[in-house]
Amino acid sequence: MSSTDTTKDVEDDNIDTVNEDIERVVISEDKKDTDKDCTSCEQNNITEGTEGVALKDTSVCVCASCGKKGDSDDMNTCNKCKMVKYCNAACKKKHRKKHKKACEKRVAELHEEQLFKDVEPDECPICLIPLPPDQSQIQFRSCCGKLICYGCIYAMKMSEGGDDICAFCRTPYASSDQECFKRVKKLVDKGNANAFCHLAGYYKEGSTGLPQDLTKANELNHKAGELGCARGYYLLGMNYYGGHGVEVDIKKAVYYCELAAMNGYIDARYNLGANEYNSGNYDRSLKHFIISAKAGHELSLVPVKNGYEQGLVGKDEYANTLRSYHERQKEMKSEMRDKAAAILDRR
Ligand SMILES: [Zn+2]
Ligand SMILES: [Zn+2]
Ligand SMILES: [Zn+2]
Ligand SMILES: [Zn+2]
């Protein structure tokens, strides 16, 4: 899923009341014309208030402002709600005030739908098994920019001549921090999302000869997120919580953690659950915990269980959550991962 930074889109809300009244008169005149002219609404079961919506199973669409029909592909779409179309920029501008309220409502609804949706997990590119939510069980490789599971890394290590070569692309591991940095930089230049996040880590720590620069780290994490690395958004969100390289800003922290969660980052989801809980929003909190528990996150089971005992989570939902949790746990298991885990545990 590609995520856009909607905070950039915030528009000026100030509306002159007198102008609004004038606009209302004009709009109601427009509306009469629209209702009269538009036969396609009737044919396509479009009711009042849904004008401008792309008609189902057809590329024909009605302009939300003037009611003219047009080819949906050639029309100007509302870039916020993506639900209404216009003949051109002039129609869009004319309709802006009238559409504003419905648009904001729809954007909020879409956000909630997206936010509380189960997300398919990313897979290890070698064994094709879902990657574990625990980041210590995943490794980034600076040669190919892939995230590989510890099972596959272990399997390669144990194979003949497999010591210290990448399990994915078979390139020998970088022999020094400097070489590693060069490789990461090369991947960044190619637009590899994971590499942006990794480079951010170098700046955060001030490692591989780089100066410590938290502002730069946050910029790189933001870019990583935009390119599809959910961890980038998560780390940025956490830096807004903690005020690392930025002023503390809980709204932005939640915003970026939500983007991360919507892109499948389980720790972000868990944090959002905890944040909602601390704010007394138990319903939203449990919604988050249920999703992360279903994705195989053990820690999230505790609040869901508590919610069930307090009557906040229904019996069926609790049973469902447990079932999905165990299914995902089973799905994430492999012989190699078990062996690798045994070694990790011994350390
Ligand atoms: Zn129009
Ligand atoms: Zn809109
Ligand atoms: Zn694997
Ligand atoms: Zn590689």
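Residues numbered from 1 in each chain as written. Chains lettered and ligands numbered in written order. Predicted model: local features only at pLDDT ≥ 70, side-chain atom pairs only at ≥ 80, totals over all residues. Heavy atoms only, no water.

### Focus on the coordination of the zinc ion (ligand 1)
Spelled out, the test is: Counted as donors are the N, O and S atoms within 2.8 Å of the metal, or 3.2 Å for Na, K and Ca, while water is not among the atoms, so some sites may look incomplete. The geometry test gives tetrahedral to four donors whose angles all lie between 85 and 135 degrees, gives square planar to four donors and octahedral to six donors whose opposite members are over 155 degrees apart with all other angles between 65 and 115, and gives irregular to the rest. Segments assigned H or I by DSSP are reported as helices when at least four residues long, segments assigned E as strands when at least two residues long, and all are numbered from the N terminus. Under the scheme applied here, a residue whose accessible area is under 20% of the maximum for its type counts as buried, over 50% as exposed, and between as partly exposed, the area being computed with a 1.4 Å probe on protein chains only.
Around the zinc ion (ligand 1), the donor atoms from the protein are C63 (SG), C66 (SG), C87 (SG) and C91 (SG), and they sit 2.3 Å away. Around the zinc ion (ligand 1) sit four donor atoms, and with donor-metal-donor angles ranging over 94 to 120 degrees the site reads as tetrahedral. Within one chain, the residues donating to the zinc ion (ligand 1) are spaced in sequence as C-x2-C-x20-C-x3-C. With a gap of 25 residues between them, C66 in the loop between β1 (60-62) and β2 (69-71) and C91 in helix α3 (residues 89-115) connect regions that are remote in the sequence. Using a relative accessible area of 29% as the deciding quantity, one classes C66 as partly exposed. By relative accessible area, which is 11% here, C91 ends up buried.

### A look at the coordination of the zinc ion (ligand 3)
At this site the zinc ion (ligand 3) is bound by C124 (SG), C127 (SG), C149 (SG) and C152 (SG), with donor distances of 2.3 Å. Of note is the zinc ion (ligand 3), whose four donor atoms meet at the metal with angles of 106 to 116 degrees in an arrangement that counts as tetrahedral. Under the relative-accessibility criterion, C127 is labelled partly exposed at 28%. The class of C149 is buried, set by a relative accessible area of 1%.

### So, the packing of aromatic side chains
The relation between two aromatic rings is expressed through the spacing of the ring centres and the mutual angle of the planes. How we decide: Under the pairing criterion, centres of Phe, Tyr and Trp rings, with the six-membered ring standing for Trp, must be within 6.5 Å; the plane angle then separates stacked pairs below 30 degrees from edge-to-face pairs above 60, leaving the rest tilted.
Summed over the entire model, instances satisfying the criterion amount to eight aromatic pairs. Ring geometry for Y233 and Y256: centres 5.9 Å apart, planes at 25 degrees, overall stacked. With Y233 in helix α8 (residues 230-242) and Y256 in helix α9 (residues 250-262), this pair connects stretches of sequence that are 23 residues apart. Classification of Y233 by relative accessible area gives buried; the value is 1%.

### With respect to unusual backbone geometry
Notably, R170 is not glycine yet its phi reads approximately 65 degrees, a positive angle. Looking at where R170 falls in the secondary structure, it is placed in the loop between α4 (150-158) and α5 (177-189). For R170, a relative accessible area of 56% translates into the label exposed. Phi at T208 takes a positive value of approximately 50 degrees, unusual for a residue other than glycine.

### A look at a nonpolar patch on the surface
The following threshold applies: To count toward a patch, a residue needs a relative accessible area over 30% and no salt bridge; like charges are then connected within 9 Å, while nonpolar side chains (Val, Leu, Ile, Met, Phe, Trp, Tyr) are connected within 5 Å. To be clear on the numbers: accessible area is Shrake-Rupley with a 1.4 Å probe, and residue cover counts the displayed protein chains and nothing else. The term salt bridge refers to a pairing of a side-chain nitrogen on Lys or Arg with a carboxyl oxygen on Asp or Glu at a separation within 4 Å.
Together, Y277, Y282 and L312 make up a nonpolar patch on the protein surface, roughly 330 Å² of accessible area in all. Along the chain, L312 falls in the loop between α12 (301-309) and α13 (315-331).

### Some points on helix α11 (residues 282-294)
Heads up, the rule is: Helix span is expected to be 1.5 Å times the residue number reduced by one. In this analysis, two residues are considered to be in contact whenever any of their non-hydrogen atoms come within 4.5 Å of each other.
Under the 1.5 Å per step criterion, the end-to-end length of α11 is 18 Å for 13 residues, consistent within 8% with the ideal 18 Å. Buried residues of α11: S285, L286, H288, F289, I290, I291, S292 and A293, and no others. Tucked into the core, α11 has its buried residues touching α3, α10 (266-278), α12 and α13. Following α11 by one or two positions, G296 has its phi on the positive side, about 95 degrees.

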